[in-house]
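Here is how the chains run, residue by residue.
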Amino acid sequence: MIDTHCHILFGVDDGAQTLYDSIEMLKVAQADGMTNIISTSHCVPGIKFENDKETLLPIYREIVDEMKRQDMKIEFHLGSELMLTPKAIEWLRDGRVATLNDTKWVLCEIPWNKNLQFEIDEDQAICTVLELGYKVIIAHPERYPQVHENYGKLEYWKSLGCFFQINSTSLLNPSREANHRLAWRMMEDGYCDVVATDAHRHQGTRTNRLGGIYAIIQEKFGEMEAKRLMVDNPLRLIQDGVLERR
Ligand SMILES: [Fe+2]
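Everything numeric in this text was worked out from a predicted model, so none of it was measured. (Residues numbered from 1 in each chain as written. Predicted model: local features only at pLDDT ≥ 70, side-chain atom pairs only at ≥ 80, totals over all residues. Heavy atoms only, no water.)

(A) Expanded view of the packing of aromatic side chains. Considering all chains together, one arrives at 5 aromatic pairs under this definition. A centroid spacing of 5.3 Å and a plane angle of 35° characterise the contact between Tyr60 and Phe76, whose relative ring orientation is tilted. Highlighted residues: Tyr60 in helix α2 (residues 53-69) and Phe76 in strand β3 (residues 75-83), separated in sequence by 16 residues. With respect to burial, Tyr60 and Phe76 carry one shared label: buried. Consider the rings of Trp105 and Phe163, whose centres lie 5.6 Å apart with planes at 75°: the pair is edge-to-face. With Trp105 in strand β4 (residues 105-109) and Phe163 in strand β6 (residues 163-167), this residue pair connects regions lying 58 residues apart in the sequence. Judged by relative accessible area, which is 1%, Trp105 ranks as buried. (Phe/Tyr/Trp six-rings, centres within 6.5 Å; stacked < 30°, edge-to-face > 60°. Helix = DSSP H or I, 4+ residues; strand = E, 2+ residues; numbered from the N terminus. Buried < 20%, exposed > 50% of the residue type's maximum accessible area, 1.4 Å probe, protein only.)

(B) A look at the packing of helix α8 (residues 177-189) against helix α9 (residues 211-221). Between α8 and α9, whose axes approach to 12 Å, the crossing angle comes to 45°. When the axis of α8 is compared with that of α9, the two are oblique. You can see that α8 and α9 cross each other, and the crossing is right-handed. Contacts between α8 and α9 pair Trp184, Met187 and Glu188 from the former with Ile213, Ile216, Ile217, Lys220 and Phe221 from the latter. (Axes fitted to C-alpha atoms, helices over the stretch in contact; angles between N-to-C directions. Parallel < 35°, antiparallel > 145°, perpendicular 65-115°, else oblique. Left-handed = near helix turned anticlockwise from the far one by under 90°. Contact = heavy atoms within 4.5 Å.)

(C) Representation of the pairing of strand β5 (residues 135-139) within the structure. Here β5 lies mainly inside the structure; 4 of its 5 residues are buried. As defined by bridge partners, β4 adjoins β5 across 4 bridges and the pair is classed as parallel. Bridge pairing in β5 places Cys108 opposite Ile138. Taken together, the 3 bridges between β5 and β6 define a ladder with parallel strand orientation. Note on β6: the bridge partner recorded for Ala139 is Gln165. (Pairing = 2+ DSSP bridges.)

(D) Main features of the side chain of Asn233. On the secondary structure map, Asn233 appears in helix α10 (residues 223-238). Within polar-contact distance, the side chain of Asn233 engages the side chain of Arg236 at 2.8 Å. With sequence-adjacent residues up to four places away left out, Asn233 is seen in contact with Asp193, Val194, Arg228, Leu243 and Glu244. (Polar contact = N/O pair within 3.5 Å; in protein donor to acceptor, adjacent residues only side chain to side chain.)

(E) Layout of the coordination of the iron ion. Within the protein, the iron ion binds to His5 (NE2), His7 (NE2), Glu81 (OE) and Asp198 (OD); these donor distances fall in the range 2.1 to 2.3 Å. One way to put it: the 4 donor atoms around the iron ion meet at angles of 83 to 172°, and that makes the site irregular. Of note, the donors binding the iron ion are all from one chain and are spaced H-x1-H-x73-E-x116-D. Highlighted residues: His5 in the loop between β1 (2-3) and α1 (19-31) and Asp198 in the loop between β7 (194-196) and α9, separated in sequence by 193 residues. (Donors = N, O, S within 2.8 Å, 3.2 Å for Na, K, Ca; no water. Tetrahedral: all angles 85-135°; square planar, octahedral: opposite > 155°, others 65-115°.)

(F) Broad picture of the packing of helix α3 (residues 86-93) against helix α4 (residues 122-131). Relative to each other, α3 and α4 sit at 5°, their axes nearing to 10 Å. Looking at the two axes, α3 sits roughly parallel to α4. Residue-level contacts link Ile89, Leu92 and Arg93 of α3 to Ala125, Thr128 and Val129 of α4. Its residues assigned to classes, the contact of α3 with α4 shows 4 nonpolar, 1 polar and 1 charged. (Nonpolar A, V, L, I, M, F, W, Y, C, P; charged D, E, K, R; others polar.)

Printed below as a string of structure tokens:
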């Protein structure tokens, strides 16, 4: 299995805070049977977490060095979770964004919190990212009020050429009932191309484990589908390929 959304790089966002935290998260993933993992630190250009390639690379290298010292076998890749702010478009134009494993794939977070200090036409922003030659995978649509209010958004984004990543926690955790229901509805309707953890910690429920959800999806939709979502499509992201839809 491969995790393509998690916050492992320490001290750059609300995920891992120390090198120890980062290594512990990687150990959790490795023990869960993961072969590869992409760290996707928050990047909100012009607002906060101004994590471009240049900021993230030295921390990434420090973690890789420590992994070598500890003889860890899991393959670790760099990426980021890019909030589509007005400045994010400039950063993409300038090649500053840490795309997934330095490919054309960008994990895009759609502005969803009404308290954000900017306004942007999200559909226009997505079109611009695509026009710039990037490939878009939208992070956890099941969490966005826009999608709760208008389910048709998904079909529209798909028609533009976007793909969708659902959080394993949304599928597993019924306490956030609306997100949980929407996540499973998306699964049923084929609006899911990748399942990832969005892990921020090495302990608790929001950690780097996919084994549990893999077994549930395998049971419900079959081995091929579980593998498409947590092995094959994630590998296509790493290798700059084209994702397979259901
Ligand atoms: Fe995230």
